[in-house]
Amino acid sequence: METPLLEMRGITKVYPNGVVANRDVNFSLRAGEIHALAGENGAGKSTLMKMIFGMEEPSEGEIYIRGEKTRLLSPQDAIDRGIGMVHQHFMLVPSFTVAENMVLGMEPRKGLGIHYAEAVRMTEDTARKYNLAVDPKAKVEDLSVGMKQKVEILKALLRGAQILILDEPTAVLTPQETEELFRELQQLKEHGHTIVFISHKLKEVKAICDRITILRGGRSEGVFQTSEVTEQEISRLMVGRDVVLKYDKSKLNMQAPVLTVENLSVNDSQGRALLNNISFSVHSGQIVGIAGVEGNGQRELMDVLTGGLRSGASRGTVRVQDTEIREANILTIRNLGVSYIPEDRMSQGSAGEASISDNLISTHYRSKTLNNGVFLRASKIASMAAELIEAFKIRCSGPKQPIGMLSGGNMQKVVVARECSANPKLLIAEQPTRGVDVGAAQLIHEKLLELRENQGAIVLVSADLNEVLEISDRLLVMYEGEIVADMEDPSSLSEEELGLYMLGIKRQEPQHIRRTMNDVEV
Amino acid sequence: MLKSKYFEVIRTTAVILIALAIAFLIIALVSENPVKTIAIFLFEPLNSVGHIGNVIEMAIPLMFTGLAVSLLFRANMFNLGAEGIFYFSGVVASAIAIHWSLGGLIHPVVAILAGSIVGAILSAIPGILKAKWNANELVTSLMFNNILFGIGLYLLNYQLRDAKAFANVSFKFEKTALLDKLIPGTRIHTGLIIVLGLIVLAHFFLYKTKWGYELRMTGANRSFARYSGMKTAKVIVLVHLIAGFIAGMGGSIEVLGMYTRFQWTALPGYGLDGALVAMLAKNNPLSVIASALFLAYIRIGADLMARLSDVPAEMISIIQAVIILLISAEQFLKFWKNRMLLKEAREA
């Protein structure tokens, strides 16, 4: 048998905080294949790839490249050996042009300065060679997400990458952009490149990958020919049980409106409209999904709803039941029975060095059941923490463990547990399952549906189209700060059709959208 | 078996041992009679009631400032203003001790409270600047140290100075204002009881009350605290008020407990030492007691060594520098922790 292009043997990685990310993992790549790396979050995919790219060193085990034992001490080592990586969060300088980003760190020189024309030429050459069209002189901050990704791929190729690692490349793409990416990857494969494709999305894995390595809990569950395993089999190996992809949703039992947004507009400091005259309402017992490509006003809408926007930046009315909250502070909004699962669990949703129990009470400690006016009631807090850890299946060594030591999925469960346990009248859930494994996502979805059952109103903003389509009772699509579509039965809609609205290719008549508002008067 | 969770304790112990080993090495190089000198440094502080008294006397102000700085550090405020407040509150308490005449019990209480309240108010200024305008508290507090020292020295020179004394010192304090001595043969004063009480109070405040919880969460991640609905600006001002109060009380108690006149013509250094105490105590109020005693012990040991042998007391600065360097060097002994973790992981 031929020697693999890259081989990792017996890799174990323990992080300084005690997290064991990989345990005795074997991984090998054949030249010219597209190899999927699948697994739940916290299964150790990213860590494994970081070790190939020289960002982390294995605690134990060996790496062979073309049969030769290698130590990769820095990304430069990896690049020198023909390995390139496209990170999930792009590593580009937004204020630089494409060409400047392409040559970063290896700039062609002209005297003391950069030979810009040469950089543009290099970019064009690489782009032409691999048939990936980019505009070398465009600024990166003006590019779409899909374009940025293309620049990242070209950047790796320009540095001579033979092995290309893509970390969840489709997470931020529309269905159309995803298809384009797949075509490009096929082309690269024909050019003889080897690709590692990290993904949760089993359909995509099946569509373009030749082989798949599945990780679970830091261990390898085996290598398979993708054509020989079904999606169900892969998902069972990933989570250790069959995942239900459909939920039993009870019939919609909509009650009085909880959140009413009327003619809401937000301008940025230059007066540009970020939200333009938005109106919708969310009723108790209803989940309203909001879909859209990132940066089309969802961020600003969430900021207004959760008290995160500076005052004076918005116009219109936003009411929770009968109280105006557009300019209210966070505590006032929370006291009205509004909970919020923020997009960023690390920087906003939790305090990493604090214990799980401290993190679970941050929005409840003011309630009289948890304090007597001065002192916190330690035993009440302990029993509440134990209950939530149990109910949300949070994998940890105990309530005193610092939350920062948990995997992403378990950390997210803590955040969701905290926000749901307040029995909110209105829950604002922003990307509640982003970067979370299938098992945790399923649990979070069930908890959201449970809240809906108990007459909570939910706003769900998500880039995961499957999620918004499956969970929501009504779906709004945002494009350039406006609601361009309003659909009643989201689960009957296809991702492709949704993509057309998200990209602004299609939009509904304004009268149709205003209909949401008219319900309020009924 | 050693567990990774004891790592911090082991690390701190290792740091102290290394610092002491370096001290011994220096002594061995400098001293004519190294064994005797080291013995003086290590054991002389325990040799008599008087020496033990010296250690505890010195530990009292260190506990005050160490506690104040611990609370600030806990809220993630790198504020070193305890120095200037300690000094200035000493001036305030002295003024009352000199110019007012009150009953024997009330007089020190009034003087100390005045010093503490002034300390709290002064400390709130960098706090408000931080909370409202995000002005870096390290910069403002350090500048405040100079300002307070300047004003304090002016007051000493032009308002409190006793012209009849042959030094730059204040008038004598009224006898009624002085703190009682606790143990005969030493200068250990009632301030010890006050500071121990404060430390226990601070412990309960930090870990058991809702305000302490807000303080810890604000320190751990301010945007998380804000997202949870806490008024982090208020928390920051509050912790500055409390820390200023404690540091101010420390300064007032120090002058009334240890001296009969105000005589600091330079910043006494206890505020900055408080930062070292807080670092050794890992910002835990109860651990402040042990770390202040340790620091006081090696200082008194060094003083005695200077008096009784041929090695100067400045050697202690080297020990302190090594301790600060190693404690703040996050990577120190990391490799060893990683090995422990790997072992634990394999056993799991």
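Counting secondary structure elements, chain A contains 17 helices and 22 strands. By the compact-globule yardstick of 24 Å for 522 residues, chain A fits well, its C-alpha radius of gyration being 24 Å. Taking the principal axes of the C-alpha coordinates as reference, chain A spans close to 70 × 50 × 50 Å. Burial statistics for chain A: of 522 residues in total, 46% are counted as buried. Long-range contacts, defined as pairs at least 24 residues apart, comprise 68% of the intrachain contacts of chain A with a sequence gap of at least 6.

Right, let's get into the overall build of chain B. What chain B contains, in helices and strands, is 14 helices and zero strands. Going from the N terminus to the C terminus, chain B shows its helices and strands as α-α-α-α-α-α-α-α-α-α-α-α-α-α. Taken over C-alpha atoms, the radius of gyration comes to 21 Å for chain B, in line with the 20 Å a tight globule of 348 residues would show. C-alpha atoms of chain B, sized along the principal axes, occupy 75 × 65 × 35 Å. For chain B, long-range pairs separated by at least 24 residues make up 78% of all intrachain contacts whose partners lie at least 6 apart in sequence.

The next point concerns the sheet that holds strand β4 (residues 60–65) of chain A. Residue and element names in this part refer to chain A. Taking strand neighbours across the sheet as the criterion, the four strands line up as β2-β1-β4-β5 in an open arrangement whose pairing is antiparallel. Here the strands that pair on one side only, and so sit at the sheet edges, are β2 (20–29) and β5 (68–70). Taken over all neighbouring pairs, the strand axes of this sheet differ in orientation by 25° on average, direction set aside. Both β4 and β5 contribute to a ladder of three bridges, which runs antiparallel. Bridge pairing in β5 places tyrosine 64 opposite lysine 69.

Before going further, it helps to spend a moment on the environment of A:Leu143. Residues and elements named next belong to chain A. Take leucine 143: it is sitting in the loop between α4 (116–130) and α5 (145–158). For the pair leucine 143 and threonine 97, spaced 46 residues apart in the sequence, the C-alpha separation amounts to 9.9 Å. Beyond its immediate sequence surroundings of up to four residues, leucine 143 is in contact with Ala138 and Lys148.

Across the contact, 21 residues belong to chain B and 25 residues belong to chain A. Elements with a minimum of two residues in the side of chain B that touches chain A: α8 (210–220), α9 (222–227) and α14 (334–347) of chain B. No other element matches α14(B), which puts six residues into the side of chain B that touches chain A. Looking at the side of chain B that touches chain A residue by residue, the classes come out as eight nonpolar, seven polar and six charged.

Bringing the environment of A:Ser407 into the picture now. Tracing the backbone through its elements, the reader meets A:Ser407 in the loop between α12 (378–391) and α13 (408–420). A C-alpha to C-alpha distance of 9.6 Å links A:Ser407 and A:Gly44, two positions 363 residues apart in sequence.

With that settled, the discussion passes to the packing of helix α1 (residues 7–30) of chain B against helix α13 (residues 315–328) of chain B. All names here are of chain B. Two elements in contact, α1 and α13, have axes separated by 9 Å at closest approach and are oriented at 150°. Judged on the interaxial angle alone, α13 and α1 are roughly antiparallel. Once α1 is placed against α13, the crossing between them reads as right-handed. Only Met315, Ile318, Ile319, Val322, Ile323, Leu326 and Ile327 of α13 make contact with α1, whose side of the interface consists of Thr12, Val15, Ile16, Ile18, Ala19, Leu20, Ile22, Ala23 and Ile26. Residues belonging to the contact of α1 with α13 are distributed by class as follows: 15 nonpolar, one polar and no charged.

Time to look at the nonpolar core. Counting 238 residues, the largest nonpolar core has A:Val477, B:Met63, B:Val239 and B:Leu256 as the members making the most contacts within it. Counting contributing residues per domain, this core is built from domain 1 (6–239) and domain 2 (257–521) of chain A, each supplying no fewer than three. Those residues in contact with B:Met63 that lie beyond four places of it in its chain are B:Val195, B:Ile199, B:Val288, B:Ile289 and B:Ala292.

A few words now on helix α6 (residues 175–190) of chain A. All names here are of chain A. Between its first and last C-alpha atoms α6 spans 23 Å; for 16 residues at 1.5 Å apiece the expected length is 22 Å, and the two agree. Every buried residue of α6 is listed here: Glu177, Thr178, Leu181, Leu185 and Leu188. The arc that holds every buried residue of α6, seen down its axis, measures 100°, which confines them to one face. Opposite its buried face, α6 presents the exposed residues Arg183 and Glu190, each directed more than 90 degrees away. Residues of α6 that are buried sit in contact with β3 (34–39), α4, α5, β9 (163–167), β10 (194–198) and α7 (202–208).

Next up on the list: the domain arrangement of chain A. Residue and element names in this part refer to chain A. Per the domain assignment, the segments of chain A are domain 1 (6–239) and domain 2 (257–521). If you average the C-alpha positions of domain 1 and of domain 2, the two centres end up 32 Å apart. Contact with domain 1, which involves 16 residues of that partner, is made by 20 residues of domain 2. Among the secondary structure elements, those contributing two or more residues to the side of domain 1 that touches domain 2 are α6 and α8 (231–239).

Residues and elements named next belong to chain A. Burial analysis of β9 places five of its five residues in the buried class, the great majority of the element. Judged by which residues are buried, β9 turns out to be covered on both faces: Ile163, Ile165 and Asp167 on one side and Leu164 and Leu166 on the other are all buried. Two strands pair when backbone bridges link them, and strand β6 (residues 83–86) and β9 are joined in this way by four bridges, in the parallel orientation. Each residue of the ladder has a partner; that of isoleucine 83, found in β9, is isoleucine 163. Following the backbone out of β9, through α6 and into the adjacent parallel β10, one traces a crossover that is right-handed.

Moving on, we get to unusual backbone geometry. Residue and element names in this part refer to chain A. In this structure, asparagine 263 takes a positive phi of about 45° despite not being glycine. Its place among the elements puts asparagine 263 in strand β13 (residues 257–267). For asparagine 263, a count of 12 C-beta atoms within 10 Å puts it in the exposed group. The backbone of asparagine 277 shows a phi angle near 55°, a positive value even though the residue is not glycine. Locating asparagine 277 in the fold gives a position in strand β14 (residues 273–283).

This part takes up the sheet that holds β9(A). Residues and elements named next belong to chain A. One open sheet holds the six strands; their spatial order is β6-β9-β10-β3-β11-β12, and the pairing between them is mixed. With partners counted over all chains shown, the strands left at the sheet margins are β6 and β12 (219–225), one partner each. With strand direction ignored, the average angle separating the axes of adjacent strands in the sheet is 20°. Across five bridges, β9 lies against β10 in parallel orientation. In the strand pairing of β10, leucine 166 is matched with phenylalanine 197. This element, α6, spans β3, β9 and β10 of the sheet and lies at about 150° to β10.

Calculation rules
- Residues numbered from 1 in each chain as written.
- Chains lettered and ligands numbered in written order.
- Predicted model: local features only at pLDDT ≥ 70, side-chain atom pairs only at ≥ 80, totals over all residues.
- Helix = DSSP H or I, 4+ residues; strand = E, 2+ residues; numbered from the N terminus.
- Rg over C-alpha atoms; globule rule 2.2 N^0.38 Å.
- Buried ≥ 20, exposed ≤ 12 C-beta atoms within 10 Å, placed from the backbone.
- Contact = placed C-beta atoms within 7 Å.
- Pairing = 2+ DSSP bridges.
- Axes fitted to C-alpha atoms, helices over the stretch in contact; angles between N-to-C directions.
- Nonpolar A, V, L, I, M, F, W, Y, C, P; charged D, E, K, R; others polar.
- Parallel < 35°, antiparallel > 145°, perpendicular 65-115°, else oblique.
- Left-handed = near helix turned anticlockwise from the far one by under 90°.
- Core = buried A, V, L, I, M, F, W, Y, C linked by C-beta atoms within 7 Å.
- Domains from an automatic or database assignment.
- Expected span 1.5 Å × (residues − 1).
- Arc of directions from axis to C-beta.
- Right-handed = clockwise from strand over helix to strand, strands pointing away.

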